[in-house]
Amino acid sequence: MVAFWAAVATIAYAYAGFPLLVLARAALRPRPFTTADVRPSVSVLIAAHDEADAIGTKLESVPTTAYPPGLREVIVASDGSVDGTEDVVAGFADRGVRLLALPRVGKAAALNAAIAAATGEVLVFTDANSTLAPDALAALVRPLADPSVGGVAGDQRYRPEAGEAPVAGGERSYWSFDRRLKEAESRAGNTISATGALYAVRREAVGQVPEGVTDDFATSTGVIAAGYRLVFAPDAVAWEPVAASGDAEFGRKVRIMTRGLRGVLVRRSLLDPRRSGFYAVQLLSHKVLRRLMVVPLLVLAASSPRLWRRGLLYRLATVGQVGFYGAGVAGLVTGGRPRGPLGRLLALPAFFLLVNAAALRACWNLATGRRIDRWEPHRAPDAPATSSGGSSSASTSGSRRTSPAPPARSPR
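Residues numbered from 1 in each chain as written. Predicted model: local features only at pLDDT ≥ 70, side-chain atom pairs only at ≥ 80, totals over all residues. Heavy atoms only, no water.

Turning next to the overall build of the protein chain. Within the protein chain one finds 13 helices and eight strands. Buried positions account for 53% of the 412 residues belonging to the protein chain. In the protein chain, once contacts between residues fewer than 6 apart in sequence are set aside, the share between residues at least 24 apart is 83%. When the accessible surface of the protein chain is split by element, carbon and sulfur atoms take 61% of a total near 17,400 Å². (Helix = DSSP H or I, 4+ residues; strand = E, 2+ residues; numbered from the N terminus. Buried < 20%, exposed > 50% of the residue type's maximum accessible area, 1.4 Å probe, protein only. Contact = heavy atoms within 4.5 Å. Areas by Shrake-Rupley, 256 points an atom, 1.4 Å probe, with all protein chains shown as cover.)

Set out below in structure tokens:
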């Protein structure tokens, strides 16, 4: 019985108590920051590995943003691409896009090369497969009018696509909820971290991107470690495609969670409330507890049937879990069918199951010391490439590859 109620309390705090705490804090203890139509020079940094299908659309979206061309540079660091990515990027040279053609070095090293090549006062990181809204850059830098703000997280949104994975509706619902939390966190102090779709950091707050961690987490939380605020700009929108298949989404989640948990280890000093205040609670609750939620969920699933004879509440808990997880399995097995209200009803439990299965695998990776430093994009046939992008800053680095032969492949 103790295990059951401990699991219930942990789950309730992670999924309800913490969000309510964040919302209440934003309402009761707001910390406004200044916004203005400032125009610092920006370096838009993109890391790409074999993104020929997506990079052209990406680069088309950057020049259309409402930002003065003389204050904007775009740098693409090609991480050993052999699919024509570099030829596509070279076609944008007349629009001020610079290509760093690197051997296969991994995303962190590619970003560090881009950082070293950048000249802007502000470094804008963005994924190779995300598309920027026309006013995204202008909206992204507005909070940097406040000198206490060192970084700004953009708003990642998923665009509906034909043939998307059955969990896509659940993912979209999750991000809608997460967006509200980011806004509340930002109003009260700091949003926890940025996503790779779009974020900006002052040059002086950018350090080296470490290997084996989620680069957007490490770079954006470096802003807080440097003593600045990290805030959220909901009107700085970047659109990304959802996963083309459940398998691809599972692999992506495992990679993100494995690298994300390692990222928390890198930034473990921010878990000390004496240093980072309430942000320590946010980081622990969202990036650690939420990712380890599979443990109390398993405890609850194992303990509630054993308490069946103890009362109606335990029987309802057992039946409720069977129903919810059964709906999740049905959502995954049916591959997004049926459509309509029933499909939407199955999407969220399917997404919940997939995320927690990926979390379990990520925990195993962390426990066994398995790192994911490099990986190959997962693509459905004739589908756009998945993300490998990012952005960063400083003096030129990287030279054009002269040999077409790629290095030996390893999971990125």
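Quick look at unusual backbone geometry now. Among all residues except glycine, the phi angle is most often negative; among peptide bonds, the trans geometry is most common. Although it is not a glycine, Asp50 adopts a positive phi angle of roughly 50°. Relative to the assigned elements, Asp50 resides in the loop between β1 (42-48) and α2 (52-61).

All right, on to the packing of aromatic side chains then. Applying the stated criterion to the full structure yields eight aromatic pairs. Between Phe4 and Trp5, the aromatic rings sit 5.1 Å apart at their centres with planes inclined by 85°, giving edge-to-face as the arrangement. Residue Trp5 is classed as partly exposed on the basis of its relative accessible area, which comes to 39%. Here the aromatic rings of Trp5 and Tyr314 are separated by 6.3 Å at their centres, their planes lie at 75°, and the arrangement is edge-to-face. Placement of the pair is Trp5 in helix α1 (residues 2-28) and Tyr314 in helix α12 (residues 312-333), with a sequence separation of 309 residues. Residue Tyr314 is classed as buried on the basis of its relative accessible area of 8%. Linked through ring pairs, Tyr15, Phe324, Tyr325 and Phe352 together constitute an aromatic cluster. (Phe/Tyr/Trp six-rings, centres within 6.5 Å; stacked < 30°, edge-to-face > 60°.)

This paragraph deals with the confidence of the model for the protein chain. With 82% of its residues at a pLDDT of at least 70, the protein chain reaches an overall mean of 84. pLDDT under 50 marks residues 380-412. Its contacts with residues more than four places away, or in other chains, come to 120 contacts. (pLDDT = per-residue confidence, 0-100.)

This part is about the nonpolar core. Leu59, Val124 and Leu198 are the most contacted members of the largest nonpolar core, which has 35 residues in total. Put simply, the parts of the chain that give this core at least two residues each are β1, α2, β2 (72-79), β4 (122-125), α5 (136-141), β6 (149-159) and β8 (229-241). Considering each element in turn, this core owes the most residues, six residues, to α5. One finds Leu102, Ala114, Phe125 and Ala153 within the second-largest nonpolar core, a separate group that totals 34 residues. (Core = buried A, V, L, I, M, F, W, Y, C linked by side-chain atoms within 4.5 Å.)

Pairing between side chains of opposite charge can happen when the charged atoms of each approach one another. By the definition in use, this model includes eight salt bridges. Between Arg157 and Asp155 there is a salt bridge whose closest N-O contact spans 2.8 Å. One salt bridge connects Asp272 with Arg274, and the closest N-O pair in it is separated by 3.1 Å. (Salt bridge = Lys/Arg side-chain N within 4 Å of Asp/Glu carboxyl O.)

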